[in-house]
Amino acid sequence: ANFTIRGSLTLTAPNGAERWVTDETRAIAWNTPAGTIPNVKLEYSKDNFVSNVNTIIASTPNTGLYNWTVPDDRSTTVKIRVSDITNSSVYDISDMNFTIDYYHMTWTLRDLLTNEQLTNLSVTEELYGTSTYSWQAGGLTSPVTHDTKYGYLTTTWSASGYGDKAQNFTADSD
């Protein structure tokens, strides 16, 4: 009689309702409650693996942990799948959707003497130490809300009659 001993995998993170932000490094975690599975494949999907399937890594040692830099692919319907690379019928998927998002930053700019909010503002935002712009806009009125990826950034504000003001900051929370 022919038989096969199958292992099993259980995805533990993200397993639903988490919010992960683009460019953060987050740990995908799983365990192997049965069998020996030397290597696994990790994928994510925004439609429960119907047609939108994105490979995170085609093969990685089955250590139970993989540090993933979250892609710029915002959605509220993301799931992860961990599978045995030698037997694709051995897998587990996040129990519920999680979110890939940006941080929601609010900038309030005021005149130092009158405390009035400034108008007709211009802004440039770049990754710190580079000339790669992630945001440029004009004609803005304070307060200004902007969605920003995780990272260390330099934002420079300008307004007629005022000097430019650059601010370095780490976008790591709303």
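A brief structural summary. All of these numbers come straight from a predicted model, not from anything done at the bench.

## Brief notes about the sheet that holds strand 6 (residues 65-69)
Part 1: The strand order across the open sheet built from three strands is 1-3-6, with neighbouring strands paired in antiparallel fashion. Taken across any chain shown, the strands that pair with only one partner, and hence form the sheet edges, are strand 1 (8-13) and strand 6. Going across the sheet, the axis of each strand differs from the next one's by a mean of 30°, ignoring polarity.
Part 2: Across five bridges, strand 3 (residues 25-34) lies against strand 6 in antiparallel orientation. The residue bridging alanine 27 from the neighbouring strand is asparagine 67, located in strand 6.

## Examining the pairing of strand 14 (residues 151-158)
Part 1: Bridge count for strand 11 (residues 121-127) against strand 14 is six bridges, and the pairing is antiparallel. For threonine 124, the partnering residue across the bridge sits in strand 14 and is threonine 156.
Part 2: Relative to strand 15 (residues 165-171), strand 14 runs antiparallel, the two sharing seven bridges. Across the sheet, threonine 156 pairs through a bridge with alanine 166, a residue of strand 15.
Part 3: The loop that links strand 14 with its antiparallel partner strand 15 comprises six residues; one of these, glycine 161, has a positive phi angle of about 90°.

About the cut-offs
Residues numbered from 1 in each chain as written. Predicted model: local features only at pLDDT ≥ 70, side-chain atom pairs only at ≥ 80, totals over all residues. Heavy atoms only, no water. Pairing = 2+ DSSP bridges. Helix = DSSP H or I, 4+ residues; strand = E, 2+ residues; numbered from the N terminus. Axes fitted to C-alpha atoms, helices over the stretch in contact; angles between N-to-C directions.

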